[in-house]
Amino acid sequence: MLDTATKRRIDTARDILVGKVPDPKSQVEQITIALIYKFMDDMDAESEELGGKRKFFTGDYARYGWAKLMAPSLGGHEMLGLYGEGITKMPENPGIPALFRDIFKNAYLPYRDPETLKAFLKIIDEFSYDHSERLGDAFEYLLSVLGSQGDAGQFRTPRHIIDFMVEVLTPQKHETILDPACGTAGFLISAYKHILRTNTDAKGNTTLTPDDKGRLAKTSRATTSRPTWCGSPW
């Protein structure tokens with residue numbers, strides 16, 4: 001179910017854009033691109049926490065990382081230039097899978113107002129990749145804005161069914177998990193959380209070894225154009 005906070009964020013993002021981007025389809029496109037941009041940085045941060053390395057924003061692309069983009073010291077025009085350059089260069093980024101490069105193909109910033117972008121990215125910053133249910137709600141709501149959900153065949157499995165199926169399957173840390181119809185990665189995130197939960201002792205401490213964490217971080221990047229996952233949801 002779409003919660004009030006998620007709907008508010010999406011509606012606010014659209015309200016911010018409407019003066020500069022009047023077409024609803026273009027608004028949805030700009031919100032989708034910004035969310036994926038933010039989530040790639042979230043994925044990099046999660047990989048580091050697991051003992052792995054960043055993949056999306058590294059090398060020449062490290063300067064486009066979300067934290068740098070949202071730095072308080074960054075001026076409005078600097079933010080405008082950095083974000084606009086970042087989204088146009090993403091299709092050339094060798095560190096991201098082909099699916100993501102396709103999403104950013106032909107992406108551009110259709111306005112040049114720094115205050116609009118600053119307000120817009122501030123709302124996007126309130127979303128987090130690990131909130132899979134709210135993430136799914138957000139994209140489902142965006143599709144409903146276009147009135148294209150049924151035509152596009154974009155439907156999401158309810159959270160309680162996802163969690164039930166994961167509990168029945170009981171994924172293990174050494175297993176490979178495939179979601180061939182991955183949308184917002186609800187199954188993968190639930191499986192990942194299940195592995196963390198079932199590898200925690202009575203005191204709440206993880207029983208995963210450094211090698212386990214390294215494997216989770218390493219195999220989490222085994223994604224090409226379709227989401228094949230080992231031990232991490234991306």
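What counts, and where the lines are drawn
- Residues numbered from 1 in each chain as written.
- Predicted model: local features only at pLDDT ≥ 70, side-chain atom pairs only at ≥ 80, totals over all residues.
- Heavy atoms only, no water.
- Patch = residues over 30% accessible without salt bridge, like charges linked within 9 Å, V, L, I, M, F, W, Y side chains within 5 Å.
- Areas by Shrake-Rupley, 256 points an atom, 1.4 Å probe, with all protein chains shown as cover.
- Salt bridge = Lys/Arg side-chain N within 4 Å of Asp/Glu carboxyl O.
- Helix = DSSP H or I, 4+ residues; strand = E, 2+ residues; numbered from the N terminus.
- Buried < 20%, exposed > 50% of the residue type's maximum accessible area, 1.4 Å probe, protein only.
- pLDDT = per-residue confidence, 0-100.
- Contact = heavy atoms within 4.5 Å.

Draft legend 1. Summary view of a nonpolar patch on the surface. On the surface, Ile161, Phe164, Met165 and Val168 cluster together into a nonpolar patch covering about 380 Å² of accessible area. Position of Ile161 relative to the elements: it lies in helix α9 (residues 159-169). In this structure Ile161 comes out as partly exposed when scored by relative accessible area, which is 34%.

Draft legend 2. Representation of the pattern of salt bridges in the model. For the structure shown, the criterion picks out 12 salt bridges. Across the pair Arg8 and Glu126 runs a salt bridge whose closest N-O atoms are separated by 3.2 Å. A residue pair is termed long-range when its members are at least 10 positions apart, and Arg8 in helix α1 (residues 4-18) and Glu126 in the loop between α6 (114-124) and α7 (132-146) qualify at 118 residues. On the basis of relative accessibility, which here comes to 38%, the residue Arg8 falls in the partly exposed class. Note that Glu167 and Arg197 form a salt bridge whose closest N and O atoms lie 2.7 Å from each other. Pair noted here: Glu167 is in helix α9 and Arg197 is in helix α10 (residues 186-198), with a separation of 30 residues, a long-range link. What makes Arg197 partly exposed here is its relative accessible area of 47%. Bridged by salt links that share partners, the residues Asp41, Asp44, Glu48 and Arg54 form one connected network.

Draft legend 3. How the structure looks around the confidence of the model for the protein. For the protein, per-residue confidence averages 81 on the pLDDT scale, and 82% of positions sit at 70 or higher. Within the protein, no element has a lower average pLDDT than strand β2 (residues 228-229), which sits at 40, and none a higher one than α6, at 96. Under a pLDDT of 50 for its full length, residues 148-154 has, in the predicted model, 7 contacts with residues more than four places off or in other chains. Every residue in residues 221-234 is under pLDDT 50, and counting partners more than four places away or in other chains gives 58 contacts.

Draft legend 4. Broad picture of the side chain of Asp41. Among the structural elements, Asp41 can be located in helix α2 (residues 24-49). Among the residues examined, Asp41 registers a relative accessible area of 9% and is labelled buried. Contact partners of Asp41, with chain neighbours within four places excluded, come to Arg54, Phe57, Gly65, Trp66 and Ala67.

Draft legend 5. Layout of the side chain of Ser190. By secondary structure assignment, the location of Ser190 is in helix α10. Taking relative accessible area as the criterion, Ser190 reaches 8% and is therefore assigned buried. The contacts of Ser190, once residues within four sequence positions are left out, are Arg159, Ile162, Asp163 and Val166.

Draft legend 6. Region of interest: unusual backbone geometry. Despite not being glycine, Asn106 has its phi angle at roughly 70°, a positive value. Turning to its location among the elements, Asn106 is positioned in the loop between α5 (98-104) and α6. Asn106 gets classed as exposed once you look at its relative accessible area, which sits at 69%. With a phi close to 40°, Thr170 is a non-glycine residue in the positive phi region. For Thr170, the position within the fold is in the loop between α9 and β1 (177-178).

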